[in-house]
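# Understanding the architecture of this molecule
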Amino acid sequence: AQSVTQLGSHVSVSEGALVLLRCNYSSSVPPYLFWYVQYPNQGLQLLLKYTSAATLVKRINGFEAEFKKSETSFHLTKPSAHMSDAAEYFCAVSLNTGGFKTIFGAGTRLFVKA
Amino acid sequence: GAVVSQHPSWVICKSGTSVKIECRSLDFQATTMFWYRQFPKQSLMLMATSNEGSKATYEQGVEKDKFLINHASLTLSTLTVTSAHPEDSSFYICSAPGTGSPEAFFGQGTRLTVV
């Protein structure tokens, strides 16, 4: 069965420090992987996606994630944390069950200290 | 990108009443939609898969008689929480996959509070 595991339910960093949110997946076939961000009392926003193209996926707001097949990982990083990055982050895998459905990891709450 | 609209964004209802939540794909057709529930400080748990023209598929432990799903058209799925109780209070989110795409598009979510 395909699934994702997020290591660390809470991560706390200082403003300006490196952000590293870990995600490992298990899959018998090439996975489709995603990172979503959820701010308090809001819905989900797609942050990054890996769909078998470039292994390093970048977004304009500084976040990036690298797909590493050998490590079955898709960790999310940002070189310098900003206070506005404080949110819940979910790693997810998309499964083709006759239509794609998304399965989420447990989530990691990111705290950013001033 | 594709847009999924969910309504209402929040609702408060009395215990014992039923609440209907709508999920619409605005600019694409969705033969399949998914319903998730999120309790405070927890992840999104898949409740059921809504299939246009056929019965929904429920995940283990989800009461199909309590959470009625209807996929009336290629752009609309509804979730009805019947005889709601305070423990049903949660954040409900729907999604629809893009046509032939592994990426899902999510509604804004519905905050249900049962008093």
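## Focus on the overall build of chain A
Along the backbone of chain A there are zero helices and eleven strands. Written out in order from the N terminus, the α and β elements of chain A read β-β-β-β-β-β-β-β-β-β-β. Taken against the 2.2 N^0.38 rule, which gives 13 Å for 114 residues, the C-alpha radius of gyration of chain A at 14 Å falls within 12% of a compact globule. Across its three principal directions, the C-alpha atoms of chain A cover 45 × 30 × 25 Å. For chain A, the proportion of its 114 residues judged to be buried stands at 45%. Summed over all atoms, the accessible surface of chain A reaches about 5,600 Å², with 53% contributed by carbon and sulfur. Considering chain A, the positive charge centre built from 10 side chains and the negative charge centre built from 6 side chains are found 6 Å apart.

## Notes on the pairing of strand S11 (residues 108-113) of chain A
Residue and element names in this part refer to chain A. Here S11 shows a clear split, with Thr108, Leu110 and Val112 buried on one side and none of Arg109, Phe111 and Lys113 buried on the other. As defined by bridge partners, strand S2 (residues 10-14) adjoins S11 across five bridges and the pair is classed as parallel. Bridge pairing in S11 links valine 11 to leucine 110. Note that strand S9 (residues 87-96) and S11 share three bridges and pair antiparallel. Counterpart to tyrosine 89 in the pairing with S11 is threonine 108.

## Focus on the state of the cysteines
Applying the stated criterion across every chain yields a total of two disulfides over all chains. With its sulfur 1.9 Å from that of its partner, A:Cys23 forms a disulfide with A:Cys91. The sign of the -65° torsion about the S-S bond sets the A:Cys23-A:Cys91 disulfide as left-handed. With A:Cys23 in strand S3 (residues 19-26) and A:Cys91 in strand S9, this residue pair connects regions lying 68 residues apart in the sequence. When its relative accessible area of 0% is taken as the criterion, A:Cys23 is described as buried. In this structure A:Cys91 comes out as buried when scored by relative accessible area, which is 0%. Note on cysteine connectivity: B:Cys23 is disulfide-linked to B:Cys94, with sulfurs 2.0 Å apart.

## Describing the nonpolar core
One finds A:Trp35, A:Leu76 and A:Tyr89 to be the most contacted residues of the largest nonpolar core, which totals 27 residues. Counting only elements with at least two residues in this core, the list comes to S2, S3, strand S4 (32-38), strand S5 (44-50), strand S7 (64-68), strand S8 (73-78), S9 and S11 of chain A. Considering each element in turn, this core owes the most residues, five residues, to S9(A). Filtering out sequence-adjacent residues up to four positions away, A:Leu76 remains in contact with A:Val19, A:Leu20, A:Leu21, A:Trp35, A:Leu47, A:Leu48, A:Phe63, A:Glu64, A:Ala65 and A:Tyr89. One finds B:Val11, B:Met47, B:Ala48 and B:Ile69 within the second-largest nonpolar core, a separate group that totals 26 residues.

## Some points on the environment of A:Glu15
Residue and element names in this part refer to chain A. Along the chain, the position of glutamate 15 falls in the loop between S2 and S3. You can call glutamate 15 partly exposed: its relative accessible area is 39%. In this structure, the C-alpha to C-alpha distance between glutamate 15 and valine 112, residues 97 residues apart in sequence, is 5.8 Å. In this structure glutamate 15 touches Ala81, His82, Met83, Val112, Lys113 and Ala114, once residues within four positions along its chain are discounted.

Thresholds, definitions, all that
Residues numbered from 1 in each chain as written. Chains lettered and ligands numbered in written order. Predicted model: local features only at pLDDT ≥ 70, side-chain atom pairs only at ≥ 80, totals over all residues. Heavy atoms only, no water. Helix = DSSP H or I, 4+ residues; strand = E, 2+ residues; numbered from the N terminus. Rg over C-alpha atoms; globule rule 2.2 N^0.38 Å. Buried < 20%, exposed > 50% of the residue type's maximum accessible area, 1.4 Å probe, protein only. Areas by Shrake-Rupley, 256 points an atom, 1.4 Å probe, with all protein chains shown as cover. Lys, Arg positive; Asp, Glu negative; His and termini not counted. Charge placed at Lys NZ, Arg CZ, Asp CG, Glu CD. Pairing = 2+ DSSP bridges. Disulfide = S-S within 2.5 Å. Core = buried A, V, L, I, M, F, W, Y, C linked by side-chain atoms within 4.5 Å. Contact = heavy atoms within 4.5 Å.

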